[in-house]
Structure formats: structure tokens, C-alpha cells
Amino acid sequence: MEEFNNQEATNENVNFKSRINLAPLLLSITAIKAELGTVIVGQSKMIDQMLVAILSNGHVLLEGVPGVAKTITAKLLAKTLNVGFSRIQFTPDLMPSDILGTSVYDLKKSEFEFKKGPIFSNLILIDEINRAPAKTQAALFEVMEERQITMDGTQYILDTPFLVIATQNPIEQEGTYRLPEAQLDRFLFKISIDYPILEDEITIIQREHSLQNNGKLENIKTILSGLDIKNYQSLVKQIIIEPQLIEYIAKIVVNTRENAFLYLGASPRASIAILNAAKGFAAIRGRDFVTPEDIKEATIPVLQHRVIVTPEREMEGISSIEIIKQIIESVEIPR
């Protein structure tokens, strides 16, 4: 009882203006995790990050070697959502019109008619995004940032929600094109997927054996509608964050610009991304307020693809993740 009173006193000191009902959101998150867990073994951190990206209305870049369930995870997630789904396989000969659409001359009407491409959907899976040339990658700039497409002087606003999940292989270089910084900056998260541990590997093999002729996606249930996602996104934006925590985010980002090990620091867009992602992490943990731990959890997937390590440190084998961890440790946590 004493512990409860202390917690209540703490909450009063924080001076909450309102309470947010997160119960329906938590039930939906739990249900989605349960559905994904029937196929995906382990990778709970990746699943949490993908769910936070949806709640934060942000795009995701999944990076991992072939065979670690990048594409299947995106497909499974799409199955749990009752929204439009489109899969685009990026190839070296893919043109911007293959994604966005093109104007076709209609002989009956004697005028050009715009035929929409596969990007006109709600959840877009772009497989092997680094296999398409720069011209095709650049076609995604406007649609990912502004959720609209401008063709022949006409603006087409995409339906909401609109989310891109892209995959890429970090090892293979043959036939690939490095993503430009401007495009990387449009992804809320870059999620690096590691190999499973031994116990998880055994479970994966056993599940595959028990499937026999059954498909992995057949029994996945739909949990959320497009309207549910929009409502939850609005709810997450109302999550409370104290001024000292906003300052904490700013200090971390500014430190990336002043760090001697980094050639390029993060922009204000990264600060906003950490803010939105931290609110998402708070929401899936059942809290209507952000804590420093939420900010720490959001910082690495938000920043790791937005900063560039200096060539000297890169040659020494130092990664952006290591530098970001050092920055987080160097910035004092607000009390």
C-alpha cells in the first residue's frame, strides 16, 4: 500500500494533465505479437520496433543477411492488418514508372489517363531496396516524406495509413546501389537483424518440419483495421513528455554533430523521430508518459543510419552503433 501511495505521489509531482486509455491499444499489440509468434521465433526486439514504427507513422528499413526472416516478417505483419498491401521487388532494371505509375493515352477519351502504380496502397513491402539504381530510389523521396505523388503537374494524395517496410542485404555488393543519405533519412528506424541463437534455430527447424504442406501465412488472423491504426497513431501523439526529456533528446542529437568520430551528425528530423518513437515505446509498455529508457531504446534504431562515421574510425572497425552508445552514456540523464 505504501509503495502504491509513493507511486501516486510521484505521478502527482510529474503533474499529469490527463490520462490516456491505452487498454485497447495494448490488447491489439499483444494479439499481433501472438500471431507473429506463431511463425517468427525470437526477434522480440525487432517486432517491438516494427510495431512502434506503425504507431509512430514511420517507415522501416530491415537490414540482415538472406534467410533471417526479413520478408516473411513484413508479410506476416501485413496479414495482421486489414489494409491494402503491395510488394515491390526492386531490381536493377526497375524504372520509377514501375513504382509510381504512368500516363497512358486513352483512345476513346482522346486524353491521357494516369494508371496508378503499386505504391498506391497502405503497407508497402520493398524487397531488396538497394538493388534498384539511384533514379528509381529517388522516386521514393516525395512519397515517403509527404505521402503524396506529383505526376504531370498533378498531386495525388495517398490513403492513410501509408507505411513502407524495406529490406536490404548489408553483405552482398554485386548488383547493388548504396542508398543515398536523403533516402535513409526518410526511414524512422533502421533495424539490424542478427542470426538466431542455437535454441531459436532448433525451434525454427522443428516448426518447419511440423508444417509439412501447410503455409506459414494461412492461419494468421487480422487484428487491426486502417481506422484502428489511425486512431492509435493519434493516441500515441498524446503521450506526455516532460520538458527536461525533450532537452535530453536535443542534447543527444546535438552531440552527434560535435562528435569527433562522426563525419556527419543527425538533423532535427532525427530529434523529432526520437520523440515520436519514444512515445511509441511508452505506449506499447502501457505508459502514458515517456521515460529516459524509452528515449534510449529509440535512439539507436533512429540514429544509426543517419550518422556517418569518419573514414579513419571506420577503418578501425568502429560502428555508428558503438559511437551512439558512447554518446548516450555521456549525456546526463534528467532526474
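Note that this is a predicted model, so its numbers are computed, not measured. Position numbers for residues start from 1 in each chain and track the written sequence from start to end. With the structure being a predicted model, the display of local features is reserved for residues of pLDDT at least 70 and the display and counting of side-chain atom pairs for 80 or more, all residues being used for whole-chain, interface and lining totals. Calculated side-chain values reflect all of the structure's heavy atoms, with hydrogen atoms and water omitted.

## Here we look at the environment of Ala277
We apply this condition: For the purposes of this entry, the term helix denotes a DSSP run of H or I that reaches at least four residues, the term strand denotes a run of E that reaches at least two, and both are numbered from the N terminus. Each residue is assigned to one of three classes by its accessible area relative to the maximum for its type, calculated with a 1.4 Å probe on protein chains only: buried under 20%, partly exposed between the two thresholds, exposed over 50%. Note on contacts: a residue pair is in contact if any heavy atoms of the two residues lie within 4.5 Å.
Structurally, Ala277 is set in helix α12 (residues 268-284). Residue Ala277 is classed as buried on the basis of its relative accessible area, which comes to 0%. Separated by 24 residues in sequence, Ala277 and Pro301 have C-alpha atoms that sit 9.5 Å apart. The contacts of Ala277, once residues within four sequence positions are left out, are Val52, Ser56, Phe189, Ala298 and Val302.

## Some details on the pattern of salt bridges
Selection rule: Note on definitions: salt bridges are taken to be side-chain nitrogens of Lys or Arg within 4 Å of carboxyl oxygens of Asp or Glu.
Using the criterion set out here, one finds 15 salt bridges in the structure. Across the salt bridge formed by Arg269 and Asp185, the nearest N and O atoms sit 2.8 Å from each other. On the criterion of sequence distance, the pair formed by Arg269 in helix α12 and Asp185 in the loop between α8 (181-184) and β10 (187-192) is long-range, its members being 84 residues apart. Residue Arg269 is classed as partly exposed on the basis of its relative accessible area of 29%. Assessed through its relative accessible area of 15%, Asp185 is described here as buried. Note that Glu297 is salt-bridged to Arg285, the shortest N-O span being 2.7 Å. Of this pair, Glu297 sits in helix α13 (residues 292-303) while Arg285 sits in the loop between α12 and α13, and the two are 12 residues apart along the sequence.

## Quick word on the pairing of strand β4 (residues 101-106)
Rule in force here: Two strands qualify as a pair provided DSSP detects at least 2 bridges between them.
In terms of strand pairing, β4 meets strand β5 (residues 111-116) through six bridges, oriented antiparallel. Among the inter-strand pairings, Gly101 is bridged to a residue of β5, identified as Lys116. Connecting the antiparallel pair β4 and β5 is a turn made up of four residues, with Ser110 showing a positive phi of about 55°.

## Here's the deal with the sheet that holds β10
Just so we agree on the cut-off: Angles here are taken between N-to-C directions and fall from 0 to 180 degrees, while the axes themselves are lines fitted to C-alpha atoms, restricted in helices to the stretch in contact.
The five strands lie next to each other as β3-β6-β9-β1-β10, forming an open sheet whose pairing is parallel. Pairing within the sheet leaves two strands with one partner each, and these edge strands are β3 (85-89) and β10. On average, each strand axis in the sheet is tilted by 15° relative to the strand beside it, whichever way the strands run. With five bridges connecting them, strand β1 (residues 59-63) and β10 associate as parallel partners. Along β10, the bridge assignment pairs His59 with Phe187.

## Topic: the packing of helix α3 (residues 44-55) against α12
Defined as follows: In what follows, roughly perpendicular refers to angles from 65 to 115 degrees, roughly parallel to angles under 35, roughly antiparallel to angles over 145, and oblique to any angle outside these ranges. When the near helix sits turned anticlockwise from the far one by under a right angle, the crossing is termed left-handed; a clockwise turn instead gives a right-handed crossing.
It is the contact of α3 with α12, at a shortest axis distance of 9 Å, that shows an interaxial angle of 115°. When the axis of α3 is compared with that of α12, the two are roughly perpendicular. α3 and α12 meet at a crossing whose hand is right-handed. For the pair formed by α3 and α12, the contact residues are Asp48, Gln49, Val52 and Leu55 on the first element and Ala277, Gly280, Phe281 and Ile284 on the second.

## Some remarks on the confidence of the model for the chain
So the rule is basically this: Residue-level confidence of the predictor, termed pLDDT, takes values from 0 up to 100.
Per-residue confidence for the chain gives a mean pLDDT of 86, with 92% of residues at or over 70. No element of the chain has a lower mean pLDDT than helix α1 (residues 2-14), at 43, and none a higher one than α12, at 95. pLDDT under 50 marks residues 1-18. Its contacts with residues more than four places away, or in other chains, come to eight contacts.

## Some details on the pairing of strand β6 (residues 123-127)
Among the five residues that make up β6, five are buried, leaving the element largely enclosed by the rest of the structure. Of the two faces of β6, the one carrying Leu123, Leu125 and Asp127 and the one carrying Ile124 and Ile126 are both buried. As defined by bridge partners, β3 adjoins β6 across five bridges and the pair is classed as parallel. In the sheet register, Gln89 faces β6, and the bridge partner there is Asp127. One ladder, built from four bridges, connects β6 with strand β9 (residues 163-168); its direction is parallel. Each residue of the ladder has a partner; that of Leu125, found in β9, is Ile165.

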